[in-house]
Amino acid sequence: MGRLAALYPALADWVAATAGKSDRPVTLAGDCCTAVPMLAGLQRAGIDPLLIWFDAHGDFNTWETTPSGFLGGMPLAWLVGRGEQTVPEAVGLRPLPETDVILTDARDLDPGEAEAVAGSGMLHLRSTIDLLTFPLPDRPLWVHFDTDVIRPQDAPAMNYLAPGGPSAEDLGLVFDRIAATGQLCAVSVSAWNPALDPAGHTERVVMGLFRRLNQK
């Protein structure tokens with residue numbers, strides 16, 4: 001926890017500087033915890049985003065609900081002020097209102113986590129395809145894209161595979177729709193595992209999706 005708190009202020013500074021120049025900050029990291037400095041940086045730049053969180057998992061555990069103690073299963077909870085706040089406080093993050101979060105897919109939830117999601121103010125869209133017709137507000141949109149949301153047969157090089165999920169093409173249609181709003185202000189990506197992708201198939205799928213989302 002302390003190591004993350006030491007590393008992330010510099011990333012938050014970069015996000016703030018990038019967004020402050022009206023550029024779109026993009027991060028590619030090994031897990032979802034870098035969403036914390038992303039939000040802190042956007043807030044410093046005066047941006048109040050709606051967060052659309054694509055993930056096979058909820059990342060909504062706290063120490064009270066986690067069965068594993070895995071920090072990568074906690075960052076969405078941190079963002080909205082739940083659980084231990086060591087990392088958010090290190091970057092000066094103000095908790096995001098739960099009503100400003102759309103959690104989509106999250107098909108693999110731990111029992112206590114599922115209860116927390118159900119009792120939260122977040123909107124949980126279990127099918128990503130629902131975003132093709134869901135009325136998105138006219139405000140800055142921040143997309144967090146955990147690549148394990150893609151169904152395993154399309155992108156298998158993930159550390160924590162979960163059966164089901166959207167096809168790469170269906171997810172691409174959703175990303176096209178978000179890009180077409182002209183409101184995308186930031187993208188954070190939790191990457192595939194390159195060691196599991198020697199032929200580069202998952203990389204090609206993920207980066208193709210990223211390009212569809214990150215259209216200017």
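Refer to the structure printed above.
The following refers to the structure shown. Everything numeric in this text was worked out from a predicted model, so none of it was measured.

So, on to the pattern of salt bridges. Summed over all chains, the structure comprises eight salt bridges. Here Asp48 and Arg139 are joined by a salt bridge, their closest N and O atoms 3.5 Å apart. Placement of the pair is Asp48 in the loop between α2 (35-44) and β2 (50-57) and Arg139 in the loop between β4 (123-125) and β5 (141-146), with a sequence separation of 91 residues. Close ionic contact of Asp154 with Arg151 constitutes a salt bridge, the shortest N to O distance being 3.0 Å. A relative accessible area of 29% places Arg151 in the partly exposed class. Linked through salt bridges whose partners overlap, the residues forming this network are Asp48, Asp100 and Arg139.

With that settled, consider the packing of aromatic side chains. Under the defined criterion, the tally for this structure stands at three aromatic pairs. Note on Phe70 and Tyr160: the rings are 5.4 Å apart at their centroids and 45° apart in plane angle, and the pair reads as tilted. Within this pair, whereas Phe70 is found in the loop between β2 and α3 (75-79), its partner Tyr160 is found in the loop between β5 and α6 (168-180), the two being separated by 90 residues in sequence. The exposure class assigned to Tyr160 is partly exposed, which follows from its relative accessible area of 46%. Ring centres of Phe145 and Phe175 lie 5.1 Å apart, and the angle between their planes is 80°; this geometry places the pair in the edge-to-face category. Of this pair, Phe145 sits in strand β5 while Phe175 sits in helix α6, and the two are 30 residues apart along the sequence. Of the two residues, Phe145 and Phe175, neither departs from the other in class, the shared state being buried. Aromatic ring contacts, followed pair by pair, group Phe54, Phe145 and Phe175 into a single cluster.

Counting buried positions along α2 yields nine of 10 residues, so the element is predominantly enclosed. Along α2, the residues classified as buried are Ala35, Val36, Pro37, Met38, Leu39, Ala40, Gly41, Leu42 and Gln43. Two residues or fewer after α2 comes Gly46, characterised by a positive phi angle close to 80°.

Regular strands place side chains that alternate from one sheet face to the opposite one. The side-chain alternation of strand β1 (residues 26-29) yields one buried face, formed by Thr27 and Ala29, and one unburied face, formed by Val26 and Leu28. For β1 and strand β6 (residues 184-190), the ladder comprises four bridges, and the chain directions are parallel. When the bridges of β6 are listed, Val26 appears paired with Val187.

Attention now goes to the sheet that holds β6. With parallel pairing, six strands are arranged side by side in an open sheet as β1-β6-β5-β2-β3-β4. Each edge of the sheet is formed by a strand with only one pairing partner; in this case those strands are β1 and β4. Looking at each pair of strands side by side, their axes are set apart by 15° on average, direction ignored. Sheet contacts for helix α7 (residues 201-213): β1, β5 and β6; angle to β6, the most-contacted strand, approximately 170°.

The next point concerns unusual backbone geometry. Although it is not a glycine, Ser22 adopts a positive phi angle of roughly 65°. Structurally, the position occupied by Ser22 is in the loop between α1 (2-20) and β1. On the basis of relative accessibility, which here comes to 69%, the residue Ser22 falls in the exposed class. Phi is positive for Asp59, which is not a glycine, with a value near 50°. Looking at the secondary structure, you find Asp59 in the loop between β2 and α3.

Geometrically, a packed helix pair is captured by the angle between its two axes and the distance between the axes. At a closest axis distance of 8 Å, the pairing of α6 and α7 adopts a crossing angle of 20°. In terms of orientation, α6 lies roughly parallel with respect to α7. Where α6 crosses over α7, the handedness of that crossing is right-handed. Along its contact with α6, which presents Ala168, Glu169, Leu171, Gly172, Leu173, Phe175, Asp176, Ile178 and Ala179, the element α7 presents Val205, Leu209, Arg212 and Leu213. When the residues that make up the contact of α6 with α7 are grouped by side-chain class, the tally is nine nonpolar, one polar and three charged.

So, how was this worked out
- Residues numbered from 1 in each chain as written.
- Predicted model: local features only at pLDDT ≥ 70, side-chain atom pairs only at ≥ 80, totals over all residues.
- Heavy atoms only, no water.
- Salt bridge = Lys/Arg side-chain N within 4 Å of Asp/Glu carboxyl O.
- Helix = DSSP H or I, 4+ residues; strand = E, 2+ residues; numbered from the N terminus.
- Buried < 20%, exposed > 50% of the residue type's maximum accessible area, 1.4 Å probe, protein only.
- Phe/Tyr/Trp six-rings, centres within 6.5 Å; stacked < 30°, edge-to-face > 60°.
- Pairing = 2+ DSSP bridges.
- Axes fitted to C-alpha atoms, helices over the stretch in contact; angles between N-to-C directions.
- Contact = heavy atoms within 4.5 Å.
- Parallel < 35°, antiparallel > 145°, perpendicular 65-115°, else oblique.
- Left-handed = near helix turned anticlockwise from the far one by under 90°.
- Nonpolar A, V, L, I, M, F, W, Y, C, P; charged D, E, K, R; others polar.

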